[in-house]
Amino acid sequence: MTKLSIQNTRLPDKVPQGGWRFSAWLGRCMLNLLGWRFEGQFPNHSKMVIAVAPHTSNWDFFIGLFTMMALRLKLNFLGKHSIFIWPIRGFLTRIGGIPVQRSTKHGLVEQLSEQFAARSKMVLALAPEGTRSKVEEWKSGFLQIAHRADVPLFLVGLDFAKKAVIFGPSLAVSGDLDAEMRRVRDYFSKIQGKFPHLQ
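What counts, and at which threshold
- Residues numbered from 1 in each chain as written.
- Predicted model: local features only at pLDDT ≥ 70, side-chain atom pairs only at ≥ 80, totals over all residues.
- Heavy atoms only, no water.
- Pairing = 2+ DSSP bridges.
- Helix = DSSP H or I, 4+ residues; strand = E, 2+ residues; numbered from the N terminus.
- Phe/Tyr/Trp six-rings, centres within 6.5 Å; stacked < 30°, edge-to-face > 60°.
- Buried < 20%, exposed > 50% of the residue type's maximum accessible area, 1.4 Å probe, protein only.
- Lys NZ or Arg CZ within 6 Å of the ring centre and 35° of its normal.
- Core = buried A, V, L, I, M, F, W, Y, C linked by side-chain atoms within 4.5 Å.
- Contact = heavy atoms within 4.5 Å.
- Expected span 1.5 Å × (residues − 1).
- Axes fitted to C-alpha atoms, helices over the stretch in contact; angles between N-to-C directions.
- Parallel < 35°, antiparallel > 145°, perpendicular 65-115°, else oblique.
- Left-handed = near helix turned anticlockwise from the far one by under 90°.
- Nonpolar A, V, L, I, M, F, W, Y, C, P; charged D, E, K, R; others polar.

Caption draft 1: Broad picture of the sheet that holds strand β7 (residues 153–159). One open sheet holds the eight strands; their spatial order is β1-β2-β8-β7-β3-β6-β4-β5, and the pairing between them is mixed. Of all the strands in the sheet, the pair left with one neighbour each is β1 (3–4) and β5 (97–100). Direction of pairing for strand β4 (residues 76–80) relative to strand β6 (residues 122–126): parallel, over a ladder of two bridges. What sits directly across from Asn 76, in β6, is Leu 124.

Written out as structure tokens, the structure is:
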């Protein structure tokens, strides 16, 4: 897999971009300071769902945040409503955070699918596990959204053993969600999270 310099990596032209030079510089500095690098290729899609895994630690959020800043990637992500509190609520919302009430998620797939249809560009990042705790069954919402919105699913791995953000395959999601889940889980099984016993 291609190893990329964080300093020189740029997004393809169709991918939604935002942020500022300072935030991009800060993101690159933090990744370099922590010893992380990029691997693989970022796909040139104006709309996509990004599945980021494994999710075993709070560090996953920061590595993802620094990656987004370094690339000047404009995206949305879902988070537990309980983290959207003062003084960080405004910051999380500005960088694309969408608070979610776990007990009232009905209709979320439809709402996000409609958002994809209404926008010319949209990237939505999700953690398939939905939690840092070990789970036997992953939530299929990310697959449902990609399928209903008819957008590619891009797999991004956070490999703490290699300290690499791995830009994996971009997939077209069929209606056979069980088969698609097996394909996704097989890919991420080869990537080591910060706490492997929680995978």
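Caption draft 2: Focus on the packing of aromatic side chains. Scanning the entire structure with this criterion turns up 12 aromatic pairs. Centroid distance Phe 61 to Phe 77: 6.2 Å. Interplanar angle 65°. Geometry classified as edge-to-face. Linking Phe 61 in helix α2 (residues 59–71) with Phe 77 in strand β4, this pair joins segments that are 16 residues apart in sequence. Between Phe 154 and Phe 167, the ring centres sit 6.2 Å apart and the planes meet at 40°, which makes this aromatic pair tilted. With Phe 154 in strand β7 and Phe 167 in strand β8 (residues 164–171), this residue pair connects regions lying 13 residues apart in the sequence. As far as the burial class goes, Phe 154 and Phe 167 line up, both buried. Ring pairs connect the aromatic residues Trp 59, Phe 61, Phe 62, Phe 66 and Phe 77, which therefore count as one cluster. One Lys or Arg, Lys 194, reaches over the ring of Phe 195 and ends 5.7 Å from the middle of that ring.

Caption draft 3: Structural view of unusual backbone geometry. Omega for the bond connecting Ala 53 with Pro 54 falls within 30 degrees of zero, at -5°, which places this linkage in the cis form. Positioned with a positive phi, Arg 72 is a non-glycine residue whose angle comes to about 60°. Here Arg 72 shows up in the loop between α2 and β4. The backbone of Asp 150 shows a phi angle near 55°, a positive value even though the residue is not glycine. The residue Asp 150 is located in the loop between α5 (141–149) and β7 in this model.

Caption draft 4: Structural context of the nonpolar core. Leu 31, Phe 42, Ile 50, Leu 73, Val 165 and Phe 167 are the most contacted members of the largest nonpolar core, which totals 30 residues. Of all the secondary structure elements, the ones that give two or more residues to this core are β3 (47–53), α2, β6, β7 and β8. Broken down by element, the residue count for this core peaks at seven residues, all from α2. Not counting residues up to four positions away in its chain, the partners in contact with Ile 50 are Phe 42, Leu 73, Val 123, Leu 124, Ala 125, Leu 126, Phe 154 and Val 156.

Caption draft 5: Main features of the environment of Pro 43. Position of Pro 43 relative to the elements: it lies in the loop between β2 (37–40) and β3. Sequence separation of Pro 43 and Cys 29 is 14 residues, and the distance between their C-alpha atoms is 24 Å.

Caption draft 6: Representation of the pairing of β6 within the structure. In terms of burial, β6 is a largely internal element, five of the five residues being buried. Of the two faces of β6, the one holding Met 122, Leu 124 and Leu 126 and the one holding Val 123 and Ala 125 are both buried throughout. The pairing of β3 with β6 spans five bridges and is parallel. Bridged to Val 49 within β6 is Leu 124.

Caption draft 7: Broad picture of α2. The first and last C-alpha atoms of α2 sit 18 Å apart over 13 residues, in line with the 18 Å expected at 1.5 Å per residue. Residues of α2 that are buried include every one of Asp 60, Ile 63, Leu 65, Phe 66, Thr 67, Met 68, Met 69, Ala 70 and Leu 71, and no others. Here the buried face of α2 lies against α1 (21–34), β2, α3 (89–94), β7 and β8. Following α2 by one or two positions, Arg 72 adopts a phi angle in the positive range, close to 60°.

Caption draft 8: Layout of the packing of helix α4 (residues 108–118) against α5. One can describe the packing of α4 onto α5 by two numbers: an axis separation of 9 Å at closest approach and a directional angle of 40°. In terms of axis orientation, α4 runs oblique to α5. Crossing handedness for the pair α4 and α5: right-handed. Counting all contacts with α4, which are made through Val 109, Glu 110, Leu 112, Ser 113 and Phe 116, the residues of α5 involved are Gly 141, Gln 144, Ile 145, Arg 148 and Ala 149. Residues belonging to the contact of α4 with α5 are distributed by class as follows: five nonpolar, three polar and two charged.

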